[in-house]
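Listed below are the residues making up each chain.
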Amino acid sequence: MSDSERKPDPVLQDYAKKILGEDAEVPEDYASLIIESRRRGRAGLPQPHLKPHRCDKHLQDFLDGLFLGEVWAPAKTYFKCLGSKQGEEPERYTLKGDPKSLNR
C-alpha cells in the first residue's frame, strides 16, 4: 500500500483532536504528536512564544526507537543532549529500523 493510499490511524486522529483541538492538523506519528502537545501546554492552545527545545530531534529519535525496539542507544544520546551545553549537543542517533514504517 502506497503512502497516498494509507488510511489514517483512527486512534491517532482521536488522540490528536483531544490533545491539539478539533481543528488541528493530525501529525504523521505519535512522537510528533507528543512533541507538539508539549509545545501547546495544559490548555492545548498554540503558544508561539515557545521555541522547540534544542534536543527535540533527539527526543523524536528516542520515541521512534521505543516503537522500533531500540531503546538504550537513542535514550543514551537523548540524555547526553539534555546534559550538554548549547552548541555541544551530540550527533543524532541513527535508528537501525525504518522510522517511516511507524507512520500509521
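For the structure itself, look to the data block above.
Keep in mind it's a predicted model, so treat the numbers as computed, not measured.

## Comments concerning the packing of helix α3 (residues 56-68) against helix α4 (residues 72-83)
In a pair of packed helices, the angle between the axes and the distance between the axes together describe the arrangement.
Line of reasoning, step 1. The interhelical angle for the contact between α3 and α4, taken along N-to-C directions, is 160 degrees, at an axis separation of 8 Å. Here α4 runs roughly antiparallel to α3, going by the angle between their axes. Of the two possible hands of crossing, α3 and α4 adopt the one that is left-handed. On α4, the residues that touch His58, Leu59, Asp61, Phe62 and Gly65 of α3 are Pro74, Ala75, Thr77, Tyr78 and Cys81.
Line of reasoning, step 2. Of the residues that constitute the contact of α3 with α4, the class distribution is six nonpolar, three polar and one charged.

## Some points on the packing of aromatic side chains
Aromatic ring pairs: the centre-centre distance and the angle between the two ring planes describe each pair.
Line of reasoning, step 1. Counted by the stated rule, this structure contains two aromatic pairs.
Line of reasoning, step 2. Aromatic side chains Phe62 and Tyr78 sit 6.0 Å apart centroid to centroid with 5 degrees between the ring planes, which places their arrangement in the stacked category. Here Phe62, found in helix α3, pairs with Tyr78, found in helix α4; they are 16 residues apart in sequence, far enough to count as distant. The two residues Phe62 and Tyr78 agree in class, both being buried.
Line of reasoning, step 3. Ring plane angle 55 degrees and centroid distance 5.3 Å describe the contact between Tyr78 and Phe79, whose orientation is recorded as tilted.
Line of reasoning, step 4. A relative accessible area of 13% places Tyr78 in the buried class.
Line of reasoning, step 5. The class of Phe79 is exposed, set by a relative accessible area of 52%.
Line of reasoning, step 6. An aromatic cluster is built from Phe62, Tyr78 and Phe79, whose rings are joined through pairwise contacts.

## Observations regarding the side chain of Thr77
Line of reasoning, step 1. As for its position among the elements, Thr77 is in helix α4.
Line of reasoning, step 2. In this structure Thr77 comes out as buried when scored by relative accessible area, which is 13%.
Line of reasoning, step 3. A polar contact of 3.0 Å, which involves the side chain of Thr77, links it to the backbone oxygen of Ala73.

Rules used in this analysis
- Residues numbered from 1 in each chain as written.
- Predicted model: local features only at pLDDT ≥ 70, side-chain atom pairs only at ≥ 80, totals over all residues.
- Heavy atoms only, no water.
- Axes fitted to C-alpha atoms, helices over the stretch in contact; angles between N-to-C directions.
- Helix = DSSP H or I, 4+ residues; strand = E, 2+ residues; numbered from the N terminus.
- Parallel < 35°, antiparallel > 145°, perpendicular 65-115°, else oblique.
- Left-handed = near helix turned anticlockwise from the far one by under 90°.
- Contact = heavy atoms within 4.5 Å.
- Nonpolar A, V, L, I, M, F, W, Y, C, P; charged D, E, K, R; others polar.
- Phe/Tyr/Trp six-rings, centres within 6.5 Å; stacked < 30°, edge-to-face > 60°.
- Buried < 20%, exposed > 50% of the residue type's maximum accessible area, 1.4 Å probe, protein only.
- Polar contact = N/O pair within 3.5 Å; in protein donor to acceptor, adjacent residues only side chain to side chain.

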